[in-house]
Amino acid sequence: MKDLMGQAIWDFYHDNSPENLLTETSISEMDDLPVDYLFRDFDEMNLVEQKALELSKGKVLDIGAGAGSHSLYLQNEKSLDVLALDFSPKSIEVCQLRGVKKTVCSDMLQFSGETFDTILLLMNGTGIFQSLDKIDIYLEKLHSLLNENGQILIDSTDILYMYDRADDGGVLVPTEHYYGEVDYFVHYKLDTEKPIKWLYLDFETLKRAVENIGFKIEKILQEEDSFLARLTKKDLN
């Protein structure tokens, strides 16, 4: 892995001739992602992110921390005990330089040893599940990292709107896989990252998956085609 996202974050922080990231998926065209967007303040975040940060409490695990903007807000503005986790070494280095006190560079599935009151997965947090056939592996891991009375705050986008409509009004979605499974490409400074599998989920599909693992789920906020959900452990009594 070339860690182009981390390199862009590192370049921006160090004023090392940063450029915009270019992203695309197997169902969408190339789009600009300004790197400064990853350094945004709370007031610049969307309503889903703001709501998730407002609901965060206790000991927090910020999965996919990136440049650390969510972690910094919770640490500095809410005085919470936050651990920023990302598999990008350069992103974690920037988190540390920006003042995030607790960080770990790791894949989520390889991380262990602590449990949390709040686990955050934002900026299409379901993306890391990769595909429907792997979602149980990730949900079981999240279940093991969550305290008994804890919460997982996760967002996603139903991308059904991106597909064409048939003459009869139906949607022309793939027949060989779930329509929210896409390949995600990142380009930076004339270099290209190996594509990763990325999963966008509609709420009902997420609901079925998490309930199968032992979670309860509630939709906290709907913002156009995106939503924020809260997962809690089912009461076994």
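Computed from a prediction, not measured in an experiment: that's the story for all the values here. (Residues numbered from 1 in each chain as written. Predicted model: local features only at pLDDT ≥ 70, side-chain atom pairs only at ≥ 80, totals over all residues. Heavy atoms only, no water.)

Colleague: Is there a simple way to explain the overall build of the protein chain in this structure?
Modeller: Of regular secondary structure, the protein chain possesses 6 helices and 12 strands. Taken over C-alpha atoms, the radius of gyration comes to 18 Å for the protein chain, in line with the 18 Å a tight globule of 237 residues would show. Projected onto its principal axes, the C-alpha coordinates of the protein chain cover approximately 55 × 55 × 30 Å. For the protein chain, the proportion of its 237 residues judged to be buried stands at 47%. Once local pairs closer than 6 in sequence are excluded, the contacts in the protein chain between residues at least 24 apart make up 62%. Each charge class in the protein chain can be summarised by its mean position, and for the 23 positive and 44 negative side chains these summaries are 8 Å apart. (Helix = DSSP H or I, 4+ residues; strand = E, 2+ residues; numbered from the N terminus. Rg over C-alpha atoms; globule rule 2.2 N^0.38 Å. Buried < 20%, exposed > 50% of the residue type's maximum accessible area, 1.4 Å probe, protein only. Contact = heavy atoms within 4.5 Å. Lys, Arg positive; Asp, Glu negative; His and termini not counted. Charge placed at Lys NZ, Arg CZ, Asp CG, Glu CD.)

Colleague: So what exactly am I meant to see when it comes to the sheet that holds strand E7 (residues 146-157) here?
Modeller: The strands making up a sheet are joined through hydrogen bonds of the backbone, oriented either antiparallel or parallel. Here 7 strands make up an open sheet; going across it, the order is E5-E4-E3-E6-E7-E12-E11 and the pairing mixed. Edge positions in the sheet fall to strand E5 (103-105) and strand E11 (215-223), since each has one partner strand and no second. Along the sheet, successive strands turn relative to each other by an average axial angle of 20°, direction set aside. As defined by bridge partners, strand E6 (residues 116-121) adjoins E7 across 5 bridges and the pair is classed as parallel. Within E7, the residue paired with Phe116 across the bridge is Leu146. Against the sheet, helix H4 (residues 89-98) makes contact with strand E4 (81-86) and E5, and its axis sits at roughly 170° relative to E5, the strand it touches most. On top of the sheet, helix H5 (residues 135-145) reaches strand E3 (59-63), E6, E7, E11 and strand E12 (226-233); it is set at about 140° to E7, its chief contact. (Pairing = 2+ DSSP bridges. Axes fitted to C-alpha atoms, helices over the stretch in contact; angles between N-to-C directions.)

Colleague: I tried to follow the UniProt feature "domain: Methyltransferase type" (unreviewed entry) in the protein chain on my own but got confused; where do I start?
Modeller: Residues annotated by UniProt as "domain: Methyltransferase type" (unreviewed entry) correspond here to residues 61-154. For residues 61-154, the end-to-end C-alpha separation is 12 Å, with 32% helix and 29% strand making up the annotated structure. (UniProt positions renumbered as here; feature names shortened; annotations may be inferred.)

Colleague: What's the story with the packing of aromatic side chains in this structure? I'm lost.
Modeller: In this description, a pair of aromatic rings is defined by centroid distance and the angle of the planes. Inspection of every chain in the model, using the stated rule, returns 8 aromatic pairs. Arranged with centres 6.2 Å apart and planes meeting at 35°, the rings of Phe111 and Phe116 form a pair that is tilted. On the basis of relative accessible area, Phe111 is assigned to the buried category, the value being 7%. With a relative accessible area of 0%, Phe116 lands in the buried category. Judged by centre distance (5.5 Å) and plane angle (90°), the ring pair of Phe203 and Phe227 falls under edge-to-face. One end of the pair, Phe203, is in helix H6 (residues 203-213); the other, Phe227, is in strand E12, with 24 residues separating them in the sequence. There is no split in this pair, since Phe203 and Phe227 are both buried. Taken together, the ring pairs connect Tyr163, Tyr178 and Tyr179 into an aromatic cluster. When the ring centre of Phe227 is taken as origin, the NZ or CZ atom of Lys219, which lies over that ring, is 6.0 Å away. (Phe/Tyr/Trp six-rings, centres within 6.5 Å; stacked < 30°, edge-to-face > 60°. Lys NZ or Arg CZ within 6 Å of the ring centre and 35° of its normal.)

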